[in-house]
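# Working through the structure, step by step
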2 protein chains.
Amino acid sequence: MSPARPPGRRPGDADVTRHQILEAARATFAEAGFERATMRAIAGRAGVDPALIHHHFGAKESLFAAAHRLPDPRAALEPILTGPAPGMGERLARFYLQLATTPDSPVVSLFRAAATNDAAARMLREFIEHGLLGTAEDVLPYDRPRLRLALCATHLIGVVFGRSIVAVPEMTEPDVEELVALLAPALERYLTEPL
Amino acid sequence: MSPARPPGRRPGDADVTRHQILEAARATFAEAGFERATMRAIAGRAGVDPALIHHHFGAKESLFAAAHRLPDPRAALEPILTGPAPGMGERLARFYLQLATTPDSPVVSLFRAAATNDAAARMLREFIEHGLLGTAEDVLPYDRPRLRLALCATHLIGVVFGRSIVAVPEMTEPDVEELVALLAPALERYLTEPL
DNA sequence: GTATTAATTCAACAACTGATGAAATAGGAG
DNA sequence: CTCCTATTTCATCAGTTGTTGAATTAATAC
């Protein structure tokens, strides 16, 4: 079946292997969720022994955390929320949907895992609270900025849930730009108009 | 530990036991999701041997299906969508949030399970497509009724995801009526205004 | 009252899971 | 060249999981 590599350190760069493991982990977690993504499946996909994953990343939860270390969204979010109010909803929807509708998106992976794994839910909560809502608090020039962005975020999360996880046809058929056009007005009202 | 009941049929009504099993299954699935809700945990909660569950309901997936046989939402949804346009968003939000924010809500349970289990995702998709969007198609007197309600549904799904699964403070702190007030305008525009 | 059927537990299996410790090999420092 | 360290596989463990077949008891039909 598998080529049955010999034991012992491989020639060449070692960082390549770590990278392959993380990529295999992301893909497998995204497809299967936390519990059904087995260490053996990830190892097989990376062409590596399961014990090696444990050696590099520790327990399964640490691997998940390492594979989902998302970048701070501040840099991307700031121009969206400080730019002109007309178009703000559109910019936000496009940014998020492009990020979340790529195949094996780590965003979808996080949603899947957060649904059943407490550690993943905690990760996602921290990311939303600090990464997203914290940025809104700092740069969005309207009252109750955290609540405003939270309303947008839940809406967008639901759309991606319906599109990528439940696969409701009304959400899978339109392409990203059509969805952006449908969602933008509601998001923009949440962000800029009186609540 | 457990009282260690004797083997053999118990005296009294037998339907009570089936009911207890279904209730324990719903609660356990809601808390833990499909994979982490073990047959043994459900059985323990129902005060019953795991083999009895299998005897009554067959495999784990059939148990899940039996425990989540949702009622047809048509009766509840029709007055919401045929009533006066002012207040439609409010009625929809209130109906759904009351249903989905009760402890051990089967709605949340379905979301959790759908995130990692294909059969559950299929169940949820069928429920949305036929139960929800089918009703909208029949009774909502505006163009593209399925898409309109789908946009509302994804928004509400996201809110419940943020509130009951991820536990974002901005969504857990307000009570149901405060959330209704925040969401109603956006929902009503989706339902009744030009898209 | 007897025979059949349904409900229930017990014991156990086979498969799979995450994890560990030891052995083998390569890279790098002196 | 030699020694130490980092990387990698192997073999395996201990625990858990869904599921099954046999045994035991109550309800029900005749």
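Being a predicted model, the structure only gives us computed values, none of them experimental. (Residues numbered from 1 in each chain as written. Chains lettered and ligands numbered in written order. Predicted model: local features only at pLDDT ≥ 70, side-chain atom pairs only at ≥ 80, totals over all residues. Heavy atoms only, no water.)

### Topic: the overall build of chain A
Looking only at helices and strands, chain A has 11 helices and 0 strands in total. Its C-alpha atoms put chain A at 65 × 35 × 30 Å along the principal axes. Summarising the internal contacts of chain A: among those between residues at least 6 apart in sequence, 66% fall at separations of at least 24. Element-wise, carbon and sulfur atoms account for 54% of the exposed surface of chain A, whose accessible area totals about 9200 Å². The positive charge centre, built from 21 side chains, and the negative charge centre, built from 24, are 6 Å apart in chain A. (Helix = DSSP H or I, 4+ residues; strand = E, 2+ residues; numbered from the N terminus. Contact = heavy atoms within 4.5 Å. Areas by Shrake-Rupley, 256 points an atom, 1.4 Å probe, with all protein chains shown as cover. Lys, Arg positive; Asp, Glu negative; His and termini not counted. Charge placed at Lys NZ, Arg CZ, Asp CG, Glu CD.)

### A short note on the domain arrangement of chain A
Residue and element names in this part refer to chain A. Taken domain by domain, chain A holds domain 1 (15-67) and domain 2 (74-192). Summarising the inter-unit geometry, the C-alpha centres of domain 1 and domain 2 are found 27 Å apart. Facing 13 residues of domain 1, the contacting portion of domain 2 comprises 11 residues. For the domain 1 and domain 2 pair, buried surface summed over both sides reaches about 910 Å², with 60% attributable to carbon and sulfur atoms. For the interface between domain 1 and domain 2, the tally reads 3 residue pairs in polar contact (both at pLDDT 80 or more). Among the secondary structure elements, those contributing two or more residues to the side of domain 1 that touches domain 2 are α1 (15-36) and α4 (60-67). Top element by residues in the side of domain 1 that touches domain 2 is α1. It accounts for 9 residues. Residue classes in the side of domain 1 that touches domain 2 are distributed as 7 nonpolar, 1 polar and 5 charged. (Domains from an automatic or database assignment. Buried area = accessible area lost by both parts, 1.4 Å probe. Polar contact = N/O pair within 3.5 Å; in protein donor to acceptor, adjacent residues only side chain to side chain. Nonpolar A, V, L, I, M, F, W, Y, C, P; charged D, E, K, R; others polar.)

### Re the packing of helix α5 (residues 74-82) of chain A against helix α6 (residues 88-100) of chain A
Residue and element names in this part refer to chain A. Relative orientation of the contacting elements α5 and α6 amounts to 160°, with a least axis distance of 8 Å. It follows that α5 is roughly antiparallel to α6 by the angle criterion. Here A76, L77, P79, I80 and L81 of α5 come into contact with α6, specifically with M88, R91, L92 and F95. Classifying every residue of the contact of α5 with α6 by side-chain character gives 8 nonpolar, no polar and 1 charged. (Axes fitted to C-alpha atoms, helices over the stretch in contact; angles between N-to-C directions. Parallel < 35°, antiparallel > 145°, perpendicular 65-115°, else oblique.)

### Focus: the protein's contact with DNA strand C
In the neighbourhood of DNA strand C, 30 residues make up the surrounding shell, with T38, R40 and H54 of chain A together with R10 and D49 of chain B lying closest. Protein-adjacent atoms of DNA strand C, using a 4 Å cutoff, are sugar or phosphate at a proportion of 65%. In the environment of DNA strand C, a phosphate oxygen lies 3.0 Å from a nitrogen or oxygen atom belonging to the backbone of M39 of chain A. One nitrogen or oxygen atom from the side chain of T17 of chain B is found 3.0 Å from a phosphate oxygen belonging to DNA strand C. For the surface near DNA strand C, the secondary structure elements donating two or more residues are α2 (39-46) and α3 (50-57) of chain A together with α3 (50-57) of chain B. The leading source of residues in the surface near DNA strand C is α3 of chain B, at 4 residues. (Near = heavy atom within 4 Å.)

### Looking at the relation of the copies chain B and chain A
Think of it as a corkscrew move, a rotation about one axis and a shift along it, taking one chain copy to the other. Least-squares fitting of chain B to chain A yields an RMSD of 0.1 Å, with the superposition described by an axial translation of 0.0 Å and a rotation of 180°. Look at the turn and shift together and you get a two-fold axis relating the two. (Least-squares fit on C-alpha atoms with pLDDT ≥ 70 in both.)

### Some remarks on the protein's contact with DNA strand D
Around DNA strand D, the surrounding shell holds 29 residues, and the nearest of these are D49 of chain A together with T38, R40, H54 and K60 of chain B. Considering DNA strand D, the proportion of its atoms within 4 Å of the protein that are sugar or phosphate atoms stands at 69%. Measuring from a phosphate oxygen of DNA strand D, one finds a backbone N or O atom of M39 of chain B at 3.0 Å. Here R40 of chain B contributes a side-chain N or O atom positioned 2.8 Å from a base nitrogen of DNA strand D. Looking at the surface near DNA strand D residue by residue, the classes come out as 12 nonpolar, 9 polar and 8 charged.

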